[in-house]
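Listed below, chain by chain, are the residues.
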Amino acid sequence: MKIAQGEKLRYIIIIAAALIAGYMVYEPLSSLFASKLYRDYHSLIPFIPLISVYLLYLKRKEIWATQQYSFGPGAAVVIIGLGIFVLGMVYGDTLDQNDYATVLTSAALVLFWGAFILAWGRKAFAASLFPLLFLVFMIPLPEFIMEEMIVFLQKGSTEFANLLFLASGVPFVREGFVFQLPTQSIEVAKECSGIRSGLALFITALLAGHLFLNTWWKKLLFVLCAVPMTMFKNGIRITTLTLLSHYVDPRIIESPLHREGGIPFFIVGLLLMAVILFLLIRTERKVKIRK
């Protein structure tokens, strides 16, 4: 299939913008991935552009049907992206590693959005809004926001763990984030907040809601369910490991099952979210049948 000269220019603009954006984020994200922060918080970033490309592929007919060059608005957004990049480079020494990556990744993303508007037009941008906005998850969260989220999940996970300990019947005394059992003391530390799996569950819920639900408020409800579900499955993990350590082997609390065993509990969260999604889909089908 031959591509018209005008179409070639569109692809050249997009590919060039993607390469420039990649160059802009390579150094800050590479440094971030090499640090402990990568393992704890930012392990999902490399998968975001792949998902976004697939979502854009699903929208290809709408994009092609509305494509139109929009040089003025597109160039303006590109300039804004370059301006943010310059500011990040100038004041980068005043930022920590995480926030430096936040600024430069934001600049690269704005530049890419501008190039998309320039090459495909505002209507095409609107038609592919979700895939393009989904790229926001490539931006590392500023450290102060991440800290607030961790504390919020830490508190919620502790409350769910408290309820599960009460349901288990095991004797314990709670002081803040610390659970004192007859043979040991367990603290729900910030590292136990489940922020990494929580982000994964949130992004998964956002994708599933976009692909399988039609009503905007049901999409929102489903995404919001990911927050208490993260706390609940994390509470299950804390309670399960503590009880196993208490009744089976005290070494379990220091084992790889504790440090790296989050996947089985993440799957539990996914399955529970799948049940919620199934129920929401059924309600939409019932409404369609009635109509």
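Look above for the structure.
Residues numbered from 1 in each chain as written. Predicted model: local features only at pLDDT ≥ 70, side-chain atom pairs only at ≥ 80, totals over all residues. Heavy atoms only, no water.

**Focus on the side chain of Thr-239**
Alright, step 1. In this structure, Thr-239 sits in helix α11 (residues 216-247).
Alright, step 2. Apart from residues no more than four positions distant in its own chain, Thr-239 is found in contact with Ala-161, Leu-164 and Phe-165. (Helix = DSSP H or I, 4+ residues; strand = E, 2+ residues; numbered from the N terminus. Contact = heavy atoms within 4.5 Å.)

**Points about the pattern of salt bridges**
For side chains of opposite charge, pairing can occur when their charged atoms come near one another.
Alright, step 1. Applying the stated criterion to the full structure yields three salt bridges.
Alright, step 2. Close ionic contact of Glu-62 with Lys-59 constitutes a salt bridge, the shortest N to O distance being 3.5 Å.
Alright, step 3. Lys-190 is the partner of Glu-147 in a salt bridge, and the nearest nitrogen-oxygen pair spans 2.3 Å. Pair noted here: Glu-147 is in helix α9 (residues 143-168) and Lys-190 is in the loop between β3 (185-187) and α10 (195-212), with a separation of 43 residues, a long-range link. (Salt bridge = Lys/Arg side-chain N within 4 Å of Asp/Glu carboxyl O.)

**Concerning the environment of Pro-131**
Alright, step 1. Position of Pro-131 among the secondary structure elements: in helix α8 (residues 129-134).
Alright, step 2. Placed 76 residues apart in sequence, Pro-131 and Leu-207 show a C-alpha to C-alpha distance of 9.8 Å.
Alright, step 3. Among all residues touching Pro-131, those that are not within four sequence positions of it are Ser-52, Leu-55, Leu-56 and Lys-59.

**Let's talk about the environment of Leu-213**
Alright, step 1. You can see Leu-213 is positioned in the loop between α10 and α11.
Alright, step 2. When its relative accessible area of 2% is taken as the criterion, Leu-213 is described as buried.
Alright, step 3. Residues Leu-213 and Glu-284 lie 71 residues apart in sequence; the distance between their C-alpha atoms is 7.9 Å.
Alright, step 4. When sequence neighbours within four positions are dropped, the list of residues in contact with Leu-213 reads Ala-208, Lys-218, Lys-219, Phe-222, Leu-277, Leu-280, Ile-281 and Glu-284. (Buried < 20%, exposed > 50% of the residue type's maximum accessible area, 1.4 Å probe, protein only.)

**With respect to the packing of α10 against α11**
Alright, step 1. The contact between α10 and α11 brings their axes to 9 Å, and the two run at 155°. When the axes of α10 and α11 are compared, the pair comes out roughly antiparallel. For α10 against α11, the interelement crossing comes out right-handed. Contacts between α10 and α11 involve Ser-197, Gly-198, Leu-201, Phe-202, Ala-205, Leu-206, Ala-208, Gly-209 and His-210 from the former and Lys-219, Phe-222, Val-223, Ala-226, Met-229, Thr-230 and Lys-233 from the latter.
Alright, step 2. The residue inventory of the contact of α10 with α11, partitioned by class, reads nine nonpolar, five polar and two charged. (Axes fitted to C-alpha atoms, helices over the stretch in contact; angles between N-to-C directions. Parallel < 35°, antiparallel > 145°, perpendicular 65-115°, else oblique. Left-handed = near helix turned anticlockwise from the far one by under 90°. Nonpolar A, V, L, I, M, F, W, Y, C, P; charged D, E, K, R; others polar.)

**Considerations on the layout of surface pockets**
Over the atoms rolls a probe the size of a water molecule, and its path tells where empty space is left.
Alright, step 1. Estimated volume of the second largest pocket: approximately 800 Å³.
Alright, step 2. Lining the second largest pocket are 29 residues, with Ala-18, Pro-49, Val-53, Leu-56 and Phe-112 positioned closest to its centre.
Alright, step 3. Elements that contribute at least two residues to the lining of the second largest pocket include exactly α1 (5-33), α3 (48-58), α4 (60-66) and α6 (97-120).
Alright, step 4. Looking at which element gives the most residues to the lining of the second largest pocket, the answer is α1, with ten residues.
Alright, step 5. Looking at the lining of the second largest pocket residue by residue, the class counts come to 24 nonpolar, four polar and one charged. (1 Å grid on protein atoms, 1.4 Å probe; cavity = no way out; pocket = protein on both sides within 12 Å on 5 of 7 lines; lining within 4 Å. Points joined across faces, edges and corners; volume = space filled by probe spheres on them.)

**Description of the packing of aromatic side chains**
Note on aromatic pairs: each is described by the distance of the centres and the angle between the planes.
Alright, step 1. Enumeration over the complete set of coordinates arrives at eleven aromatic pairs.
Alright, step 2. Measuring from ring centre to ring centre gives 5.5 Å for Phe-165 and Phe-172, while their planes differ by 45°; the resulting arrangement is tilted. The two residues Phe-165 and Phe-172 agree in class, both being buried.
Alright, step 3. In textbook terms, an aromatic cluster arises when at least three aromatic residues are bridged by ring pairs, as seen for Tyr-11, Phe-116, Trp-120 and Phe-125.
Alright, step 4. Over the ring of Tyr-69 we find Arg-10, and its NZ or CZ is 4.1 Å from the ring centre.
Alright, step 5. The ring centre of Trp-120 lies 5.6 Å from the NZ or CZ of Arg-10, which sits over that ring. (Phe/Tyr/Trp six-rings, centres within 6.5 Å; stacked < 30°, edge-to-face > 60°. Lys NZ or Arg CZ within 6 Å of the ring centre and 35° of its normal.)

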